[in-house]
Amino acid sequence: HTTIWVNDSIQITKQGSALIEQLKNAQNYGLQTRYYHVNTLEDNLKSLNKFTIEKRFNLASQLELMLSYFYMLHGKHLHYGIIQTIDSITLLPRKKFDVNLPNYLQKAYEKDSLIDKLLQLQPKQTEYHNLQKGLVAFLKNTNLTTENINVINFRIDSLKATSLAKEALVLHNYLDEKYKDSLYFSALTTFQINHGLKPDSLIGNNTVKALSISPYKYYLKIIAGLERWRWKNKWPSEYIYVNIPAFKLQLVKNGTVVKHHN
């Protein structure tokens, strides 16, 4: 019957502060802070020193319960995803949710590794972790605007296509407004590489499509990808991985690619 998140002095513990910080950064995992009532948690936290002892104890007990609940909810989202049923979305089977979250929380507390254990609930596949790290970098370097620039193919009008491409590269934070002429070609090439396109510095059809999407739509694509990874079962130690767009097949054993085939 020990509290985890609030101590006997009615102060937030180190673990409580770490959990609130994790929930505040939920967007880095393709999740929303509103799922965990982060604003309410922070308001309650600020109020811990403002009231009478009785009211402070009431607030502390609410915080303790809310943080335990949101620890488990966040863990479920990281492990299993936020969509309850996927039958209308895919025919692929979904992994079973078999984590006893209260027991998991108890053991994580006993080992003094609450946040580490929380993050360990994420999928184990390397591709998931690469995408999650990519999302962190994307959010750090991108303004999540819904605005987009409708770029045209250079064969239609090369001057207009270049002008629109520069605007789009500024929007996507690949180009600074001050240097959009001098650094245009290197910025376009970097954009093409980052989006899996041929780095030819030409504004062809595929580059047009990629430049014309808003940063927010790219964000939605990333979080949809993370959500789908959370539906998958852990892969066996030996498997065949097929990258359909690249026409490549890999044989993987114990996390290492041992054979490549076209």
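Use the structure listed above.
Every value quoted in this text rests on a predicted model; they were computed, and no experiment measured them. (Residues numbered from 1 in each chain as written. Predicted model: local features only at pLDDT ≥ 70, side-chain atom pairs only at ≥ 80, totals over all residues. Heavy atoms only, no water.)

Caption draft 1: Highlighting the layout of surface pockets. Estimates place the volume of the largest pocket at around 470 Å³. Contributing to the lining of the largest pocket are 19 residues, with F138, Y174, N194, H195 and Y218 lying nearest its centre. Those elements that provide at least two residues to the lining of the largest pocket are α6 (126-141), α9 (205-212) and α10 (215-229). In terms of residues, the lining of the largest pocket owes the most to one element, α6, which gives seven residues. Lining the second largest pocket are 16 residues, with Q125, T126, W235, Y239 and G255 positioned closest to its centre. Within the residue set of the lining of the second largest pocket, elements represented by two or more residues are α6, β1 (238-243) and β2 (248-253). With three residues, α6 is the largest single contributor of residues to the lining of the second largest pocket. A class-by-class count of the residues in the lining of the second largest pocket yields six nonpolar, seven polar and three charged. (1 Å grid on protein atoms, 1.4 Å probe; cavity = no way out; pocket = protein on both sides within 12 Å on 5 of 7 lines; lining within 4 Å. Points joined across faces, edges and corners; volume = space filled by probe spheres on them. Helix = DSSP H or I, 4+ residues; strand = E, 2+ residues; numbered from the N terminus. Nonpolar A, V, L, I, M, F, W, Y, C, P; charged D, E, K, R; others polar.)

Caption draft 2: Layout of the pairing of strand β3 (residues 256-261). Of the strand pairs in this sheet, β2 and β3 are connected by five bridges, and their pairing is antiparallel. From the neighbouring strand, K253 faces β3, where its bridge partner is T256. Between β2 and β3, which pair antiparallel one after the other, the connecting turn spans two residues, and N254 there sits at a positive phi close to 50°. (Pairing = 2+ DSSP bridges.)

Caption draft 3: Molecular detail of the packing of aromatic side chains. Overall, the coordinates contain 11 aromatic pairs when judged by the stated rule. Ring geometry for Y80 versus F97: centroids 5.4 Å apart, planes at 55°, classification tilted. Here F97 lies in the loop between α3 (53-80) and α4 (101-110) and Y80 lies in helix α3, a separation of 17 residues in the sequence. Each residue in the set Y35, Y36, Y69 and F70 is aromatic and connected to the rest through ring pairs, giving one cluster. (Phe/Tyr/Trp six-rings, centres within 6.5 Å; stacked < 30°, edge-to-face > 60°.)

Caption draft 4: Region of the structure containing the side chain of H74. Note that H74 resides in helix α3. The residues touching H74, leaving out its near neighbours within four places in the chain, are Q22, L23, A26, L31, Y36 and L118. (Contact = heavy atoms within 4.5 Å.)

Caption draft 5: Representation of the side chain of T207 in the model. Relative to the assigned elements, T207 resides in helix α9. At 3.1 Å, the side chain of T207 forms a polar contact with the side chain of Q192. Those residues in contact with T207, other than ones at most four positions away along the chain, are L188, Q192, L197 and L202. (Polar contact = N/O pair within 3.5 Å; in protein donor to acceptor, adjacent residues only side chain to side chain.)

Caption draft 6: Representation of the sheet that holds β2 in the model. The three strands lie next to each other as β1-β2-β3, forming an open sheet whose pairing is antiparallel. Across the chains shown, the open sheet's two edge strands, defined by having one partner strand only, are β1 and β3. Strand-to-strand, the axes of this sheet are offset by a mean angle of 25°, without reference to chain direction. (Axes fitted to C-alpha atoms, helices over the stretch in contact; angles between N-to-C directions.)

Caption draft 7: Molecular detail of the nonpolar core. Counting residues in hydrophobic clusters, the biggest one holds 34 residues, and the most contacted among them are W5, L19, Y36, L67 and Y71. Contributing elements (two or more residues each) for this core: α1 (14-24), α2 (38-47), α3, α4 and α5 (114-119). The leading source of residues in this core is α3, at 10 residues. Setting aside anything within four residues of it in sequence, one finds L19 in contact with W5, L67, Y71, I115 and L118. Core analysis: the second largest hydrophobic core is formed by 29 residues, L135, V151, F191 and Y219 among them. (Core = buried A, V, L, I, M, F, W, Y, C linked by side-chain atoms within 4.5 Å. Buried < 20%, exposed > 50% of the residue type's maximum accessible area, 1.4 Å probe, protein only.)

Caption draft 8: Broad picture of the pattern of salt bridges. By the definition in use, this model includes four salt bridges. The closest approach of N and O atoms between E21 and K24, which form a salt bridge, is 3.7 Å. Residue E21 and its partner K24 are located together in helix α1, separated by three residues, close to a single helical turn. For E21, a relative accessible area of 39% translates into the label partly exposed. On the basis of relative accessibility, which here comes to 35%, the residue K24 falls in the partly exposed class. Counted as one network, the salt bridges with shared partners bring together E21, K24 and E42. (Salt bridge = Lys/Arg side-chain N within 4 Å of Asp/Glu carboxyl O.)

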